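# Fold and geometry: a report
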Amino acid sequence: MTINMEQQKRYGHFDDQHREYVITDPQTPWPWINYLGNEDFFSLISNTAGGYSFYKDAKFRRITRYRYNNVPMDNGGRYFYLKDGDTVWNPGWKPCKTPLDFYECRHGMGYTRITGRKNQVEASVLFFVPLKKWGEVQKVTLKNLSQEPKQLKLFSFEEWCLWNAATDMENFQRNFSTGEVEIEGSTIYHKTEYRERRNHYAFYHVNTEIQGYDTDRETFVGLYNEFADPQAVIEGRPRNSHAHGWSPVASHYIEVTLQPGEQKDFVFLLGYIENAQDEKFEAPQVINKKKAHALIASLDTTEKVDQAFAELSAYWDDLLSIYKVKTGNDKLDRMVNIWNQYQCMVTFNFSRSASFFESGVGRGMGFRDSNQDLVGFVHQIPPRARQRIIDIASTQFPDGGCYHQYQPLTKRGNNDIGGGFNDDPCWLIFGTVAYIKETGDFSILDEMVPFDNQPGTEVTLFEHLKVSMDHVLNNLGPHKLPLIGRADWNDCLNLNCFSMDPNESFQTTENKSEGSKAESLMIAGLFVVTGKDYVALCKQIGKDDEARRMQQAVDAMTEAVKKDGWDGEWYLRAYDFFGGKIGSKECDEAKIFIESQGWCTMAEIGAEEGMVAKSLDATKKYLECEHGIVLNNPAFSKFVYEYGEISSYPEGYKENAGIFCHNNPWVIIGECLAGRGNDAWSHYAKILPSYVEEKYQTLHKVEPYVNCQMVAGKDAARPGEGKNSWLTGTAAWMWYTVSEFILGIKPDYEGLRIDPCLPETAKDYTVSRKFREADYEITVHPNGHQKGVRQIVLDGQPIEGSVVPYAPGKHTVDVTM
Ligand code: GLC
Ligand code: GLC
C-alpha cells in the first residue's frame with residue numbers, strides 16, 4: 001500500500017523521559033484518551049477533556065454524563081470556559097473550538113495535562129485521581145503572558161449522570177423529575193436520589209470564592225445552544241440556577257484578574273461520598289457533608305495537590321521499576337518499560353467495561369478476560385491479583401462451568417449473559433499459575449472459595465482448578481476434542497446458535513445443542529497448555545496421583561489433535577454442529593484460522609512430526625499481512641448461518657479476518673518456542689504501537705501509545721485502520737510475550753527461567769527484574785543467536801541449566817546465548 005502525505009501527518013510524539021505521550025494537534029483522527037484512577041474512583045479523559053467519571057462500576061455508579069457515538073464526536077466532559085473580552089475559549093480546544101495559539105495534551109501515568117494559549121493567556125489543567133482518594137483533581141493554572149493586566153471570566157462545567165448509566169440514557173419520564181442539588185459556598189452537591197435508597201452523593205468544589213454558579217443545564221447552556229456556546233458563558237453572566245428535576249449540572253463562575261506575568265492556581269475537585277444509612281442527613285433535607293468537607297480539606301491548596309501528584313508519580317516509579325529493559329531500541333524500551341505495563345494496569349482495572357468503544361453499560365468483568373489481564377498485571381501488585389482470582393473463582397459453578405461475566409460492584413455472575421463458553425474454566429488455571437509463579441504464594445490454593453457466590457458451598461481454590469480441568473474432560477465430543485459450547489475464545493464462533501432472528505444475541509442463544517458435534521481445536525490447545533501447567537503445579541504441591549491423571553488426559557488430547565485436528569498443512573479450527581470441518585483446505589472460505597495455530601503451536605502439539613513448523617509457515621503464508629496476522633483467510637464473504645456471529649461482519653473486520661491483535665501474540669509465542677526469533681520479532685513489531693506510531697498515525701486512527709483490539713485486515717476497505725483501543729487482552733498478551741518469551745525472563749516456581757528468543761540482529765541488553773524479595777540485574781549477550789542459552793553466570797559463578805534459583809537479595813546474572 002502506498003502512503004500519501006495526508007497519511008503521514010503526525011499528531012504527537014512520545015516523551016519517554018516524562019513517560020508521556022504529547023499530543024500537539026487537538027484534531028486527532030479519533031479521540032485519544034487516557035485513564036485516571038487506580039482502585040475505586042475512575043475517569044476517562046480525552047485529549048480535549050471529554051469523558052466521564054464513575055465509582056467502581058461504570059454502569060451502576062456513573063458520576064458524570066457522556067454522549068457516546070455522537071455528533072460531534074467526543075461530546076461531554078469536564079470543560080473550562082475562559083471569557084477574555086469577547087473571546088471564549090477552552091484550554092483543550094473543545095467544545096468551543098476557538099483556534100488556539102498553542103495546544104498541547106500530555107497523557108501520562110494516571111494523569112493528563114492539557115495546556116492552551118490564547119491572546120497571551122495560558123491555561124493549563126492537570127487532571128488526576130490522587131491515590132486512595134475518591135475524586136478527580138483538576139488543577140487549573142492561569143497565566144498572563146502579556147504586558148497588560150487581564151480580566152478573565154472562568155466557568156467550570158460538569159454534567160451529573162443520574163447514577164445508573166443505563167437508565168440515565170432511557171428513562172426520561174422519571175429522570176426529568178428526580179434531579180436535586182445543594183449549594184454550599186463553592187461546592188455544588190449532586191444529591192439526586194439520595195432521599196431514597198442511595199447512600200451516596202457527589203460534589204464539585206473549587207478552592208476559592210466564587211462569584212456565581214449554575215446547576216440547571218438548560219439555564220446554563222440554553223435549550224437550543226450547545227456545549228460550544230453556553231448561554232451563561234456567552235453573556236458572561238451566571239444565573240445562580242438551582243436544578244430541581246430536569247438535568248442537574250455543576251458550573252462555578254470565577255472572576256480573575258491577572259497582572260502582567262502573574263499566575264494563579266485554582267484547585268477543582270470532583271468528589272464522591274458514601275454515608276452510613278443512619279448518618280445520611282444533618283437536618284431534614286440537608287445532606288451530611290462531613291466526609292465531603294474532609295475530602296475537600298485534604299486537597300484544597302496547590303501544595304497539597306502537588307504533594308498528592310508527587311505521590312502518584314512515586315507510585316508509578318515503583319510499579320515500573322519491577323521490570324525494566326535497556327536494549328538501546330527506544331521503540332521497544334518505551335513499550336516494555338512504560339506503555340505496555342500501563343495499559344495492563346488499565347485493562348486489569350476496567351476489564352472490557354468502559355472505553356470510547358465500550359459504553360460501560362454493556363459488560364462487566366469477563367471470566368476469561370480478567371484471567372488474561374492478570375498475567376499482564378500480577379508482577380505489579382500481587383495482592384490485588386490474588387483478590388481478583390478469588391473473586392473470579394467465586395462465580396464458578398460446581399461442575400467447573402462459569403458465568404462469562406460478573407459485575408465489579410456486586411461481584412456476582414451476570415445472569416443476562418450466563419455461561420456455556422467452554423474455554424472459560426481453563427483460564428482460571430492460566431491466571432492462578434501466573435500468580436503463584438510470580439509470588440511463590442501457594443497458600444492461595446488453600447483459600448476457601450464458594451461456587452456461584454453461595455455461602456456454604458466453599459471448597460479450596462485448588463478444587464476449583466480441578467473442576468475447571470474436569471469441565472473440559474466431561475465435555476468432549478466425537479473426536480475426543482473439547483465441545484465448544486456457546487463459543488470458545490472467539491465469542492463469535494457460535495456453532496450451536498442457529499439464529500435467524502436479528503433480535504437474538506448470537507452469544508446467548510443456543511437454538512440447538514442436543515447432539516452437537518461442535519468441537520474446538522482452540523480449546524484443545526488451551527487445554528494442553530494449561531493442563532501441562534496444572535500437572536507441574538500438582539507436582540509442586542505433592543499431588544502426584546492427580547498429576548498423573550491429568551498428564552494422561554493431556555497426552556490423550558495431544559493425540560486427538562494429531563489424529564483429528566490436523567489438516568495437512570495447519571491445525572483445523574473446529575468441527576461444526578454436524579461434525580463438518582471448519583478451517584480446512586476443504587472449506588470454500590475461511591480455510592485457516594489463527595486461534596488453533598496459536599494454541600496448538602504454544603502447546604507444541606506434533607512438534608516432532610513437523611506440525612508446529614508447518615502451522616507457523618502456513619500462518620505466515622495465508623494469514624500475515626502488512627499490519628499483522630488476520631484471524632482467518634479467506635474472509636467470509638457471506639453470512640453462514642451455521643457459524644453464528646463470525647460471518648456477520650464484513651470482510652476484514654473483527655472476528656471475520658480482522659487483525660485481532662489479541663491473538664497475534666499466541667503465534668509469536670509459538671514462534672519463540674520453536675526458536676524462530678526473526679519471525680517472532682517481525683510479527684511482534686507489526687503490532688507494536690511505537691512502530692505503528694512512527695508510520696501510520698492517520699491511517700491507524702486510534703491512540704498510538706496503546707494496542708487496540710482490532711486492526712482492519714487485508715480484506716477490509718482500509719487495511720491498517722485500528723478500532724477498539726485500550727481494553728483488550730492484547731495488552732496482557734503483548735506483555736507476557738515480550739517479557740517472558742522474547743526478552744525471555746520467565747517467573748517459575750524455583751526462580752527465573754531465562755530463555756530469550758530474539759531476531760539475529762539483537763544486541764546485548766539488560767533487564768532489571770524485581771522478583772519476590774530479590775533484585776536481578778540480567779545482561780544477555782545474544783551473539784547473533786535467535787535462541788538457546790549456552791551459559792548463565794550468577795553472581796560470578798556459572799550455573800547449570802536455565803533457571804536462576806530464587807534467593808533474596810541483589811544479584812547479577814550474565815547470559816550468553
Ligand atoms: C473480545 C472479548 C474476548 C473475546 C474476543 C474474541 O476481545 O473481550 O473475550 O475472546 O473478543 O471474540
Ligand atoms: C461481539 C464482538 C466480540 C466481543 C463480544 C463481547 O461479539 O465481536 O469481539 O468479544 O461482542 O460480547
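Cut-offs used in this document
- Residues numbered from 1 in each chain as written.
- Chains lettered and ligands numbered in written order.
- Predicted model: local features only at pLDDT ≥ 70, side-chain atom pairs only at ≥ 80, totals over all residues.
- Heavy atoms only, no water.
- Near = heavy atom within 4 Å.
- Polar contact = N/O pair within 3.5 Å; in protein donor to acceptor, adjacent residues only side chain to side chain.
- Areas by Shrake-Rupley, 256 points an atom, 1.4 Å probe, with all protein chains shown as cover.
- 1 Å grid on protein atoms, 1.4 Å probe; cavity = no way out; pocket = protein on both sides within 12 Å on 5 of 7 lines; lining within 4 Å.
- Sits in = over half its atoms within 2 Å of the grid points.
- Nonpolar A, V, L, I, M, F, W, Y, C, P; charged D, E, K, R; others polar.
- Patch = residues over 30% accessible without salt bridge, like charges linked within 9 Å, V, L, I, M, F, W, Y side chains within 5 Å.
- Salt bridge = Lys/Arg side-chain N within 4 Å of Asp/Glu carboxyl O.
- Helix = DSSP H or I, 4+ residues; strand = E, 2+ residues; numbered from the N terminus.
- Pairing = 2+ DSSP bridges.
- Axes fitted to C-alpha atoms, helices over the stretch in contact; angles between N-to-C directions.
- Left-handed = near helix turned anticlockwise from the far one by under 90°.
- Contact = heavy atoms within 4.5 Å.
- Phe/Tyr/Trp six-rings, centres within 6.5 Å; stacked < 30°, edge-to-face > 60°.
- Buried < 20%, exposed > 50% of the residue type's maximum accessible area, 1.4 Å probe, protein only.
- Parallel < 35°, antiparallel > 145°, perpendicular 65-115°, else oblique.
- Core = buried A, V, L, I, M, F, W, Y, C linked by side-chain atoms within 4.5 Å.
- Points joined across faces, edges and corners; volume = space filled by probe spheres on them.

A few words on the site of ligand 1. The local shell around ligand 1 consists of Arg-352, Arg-363, Arg-368, Asp-369, Trp-489, Asn-490, Asp-491, Glu-655, Phe-660 and Gln-709. Contact between ligand 1 and Asp-491: an oxygen atom at 2.9 Å from a main-chain N or O atom of the residue. Within the complex, the protein chains bury 97% of what would otherwise be the 300 Å² of accessible surface of ligand 1. Among the cavities detected, the one that contains ligand 1 is the second largest pocket. In terms of residue class, the shell around ligand 1 is built from two nonpolar, two polar and six charged.

On the surface, a nonpolar cluster with roughly 310 Å² of combined accessible area is contributed by Phe-172, Phe-176 and Trp-246. With respect to the helices and strands, the residue Phe-172 is situated in helix α3 (residues 172-175).

Within a beta sheet, neighbouring strands are joined by backbone hydrogen bonds and run either parallel or antiparallel to one another. Read across the sheet, three strands follow the order β37-β38-β43 without closing on themselves; strand pairing throughout is antiparallel. The strands lining the two open edges of the sheet, one partner per strand, are β37 (745-747) and β43 (803-805). Along the sheet, successive strands turn relative to each other by an average axial angle of 30 degrees, direction set aside. Where strand β38 (residues 751-754) meets β43, three bridges bridge the pair, whose relative direction is antiparallel. Paired with Arg-753 across the two strands is Val-803, which belongs to β43.

Here we take up the packing of helix α11 (residues 424-439) against helix α13 (residues 521-540). Relative orientation and spacing of two packed helices are given, respectively, by the angle between their axes and the distance between those axes. Their axes nearest at 9 Å, the elements α11 and α13 cross at an angle of 35 degrees. In the crossing of α11 with α13, the sense of the turn from one axis to the other is left-handed. Across the interface between the two elements, Cys-426, Trp-427, Ile-429, Phe-430, Val-433, Ile-436 and Lys-437 of α11 pack against Met-522, Leu-526, Phe-527, Thr-530, Asp-533, Tyr-534 and Leu-537 of α13. Partitioning the contact of α11 with α13 into residue classes produces eleven nonpolar, one polar and two charged.

To continue, consider the packing of aromatic side chains. All told, the structure shown has 69 aromatic pairs when counted by the stated rule. Measuring from ring centre to ring centre gives 4.7 Å for Tyr-55 and Trp-134, while their planes differ by 65 degrees; the resulting arrangement is edge-to-face. With Tyr-55 in strand β5 (residues 53-55) and Trp-134 in the loop between β11 (121-128) and β12 (135-144), this pair connects stretches of sequence that are 79 residues apart. Tyr-55 gets classed as buried once you look at its relative accessible area, which sits at 4%. Classification of Trp-134 by relative accessible area gives partly exposed; the value is 26%. Aromatic pair Phe-430 and Trp-733: ring centres 5.3 Å apart, planes at 20 degrees, arrangement stacked.

With that out of the way, let us pick up the packing of helix α7 (residues 302-319) against helix α8 (residues 330-350). Two elements in contact, α7 and α8, have axes separated by 11 Å at closest approach and are oriented at 110 degrees. Here α7 lies roughly perpendicular to α8, going by the angle between them. Contacts from Tyr-315, Trp-316 and Leu-319 of α7 reach α8 at Gln-341, Tyr-342 and Met-345.

Within soluble globular proteins, side chains that are nonpolar tend to cluster in buried spots. Core analysis: the biggest nonpolar cluster contains 231 residues, and Leu-142 and Tyr-684 have the highest contact counts within it. Residues within four places of Tyr-684 in sequence aside, it is in contact with Leu-332, Val-336, Ile-668, Met-734, Val-738 and Ile-742. Tyr-81, Phe-155, Val-233 and Tyr-253 belong to the second-largest nonpolar core, a separate cluster that totals 13 residues.

With that settled, consider unusual backbone geometry. In this structure, Pro-72 follows Val-71 across a cis peptide bond, with omega equal to -5 degrees. Following the sequence through the fold, Pro-72 ends up in the loop between β6 (62-64) and β7 (79-84). Omega for the peptide link from Asn-633 to Pro-634 comes to -15 degrees, which places this bond in the cis form. Position of Pro-634 among the secondary structure elements: in the loop between β33 (632-633) and β34 (659-660). With a phi angle near 60 degrees, Lys-411 is a residue other than glycine that sits in the positive phi range. For Lys-411, the location among the structural elements is in the loop between β24 (405-406) and α11. Judged by relative accessible area, Lys-411 falls into the partly exposed class, the value being 34%.

Bringing the site of ligand 2 into the picture now. Around ligand 2, the surrounding shell consists of Arg-363, Asp-491, Cys-492, Gln-507, Glu-645, Tyr-649, Lys-654, Glu-655, Phe-660 and Gln-709. In the environment of ligand 2, an oxygen atom lies 2.6 Å from a nitrogen or oxygen atom belonging to the side chain of Glu-655. Judged by its atoms lying within 2 Å of the grid points, ligand 2 is housed in the second largest pocket. Across the shell around ligand 2, the residue classes tally to three nonpolar, two polar and five charged.

Further remarks concern the sheet that holds strand β39 (residues 765-771). Pairing is mixed in the open sheet, where six strands are placed in the order β22-β39-β40-β44-β41-β42. This sheet does not close on itself; its edge strands, each paired only once, are β22 (323-326) and β42 (797-799). Between one strand and the next, the sheet's axes are offset by a mean angle of 20 degrees, whatever the strand orientation. As judged from the three bridges shared by strand β41 (residues 791-794) and β42, these two strands associate in the antiparallel manner. Paired with Val-793 across the strands is Pro-798, a residue of β42.

Our focus in this paragraph is the layout of surface pockets. Roughly 810 Å³ of internal volume is contained in the largest pocket. If you go around the largest pocket, you meet 38 residues; those closest to its centre are Lys-437, Asp-533, Tyr-736, Phe-741 and Lys-746. Mapped onto the lining of the largest pocket, the elements with two or more residues apiece are α11, α13, α15 (594-602), α17 (664-673), α21 (730-742) and β37. The class makeup of the residues in the lining of the largest pocket is 21 nonpolar, five polar and twelve charged. Estimated volume of the second largest pocket: approximately 650 Å³. What lines the second largest pocket is a set of 30 residues, and nearest its centre among them are Glu-358, Arg-363, Asp-491, Gln-507 and Lys-654. Partitioned by chemical class, the residues of the lining of the second largest pocket number nine nonpolar, twelve polar and nine charged.

Function-wise, these values are silent; they only describe arrangement.
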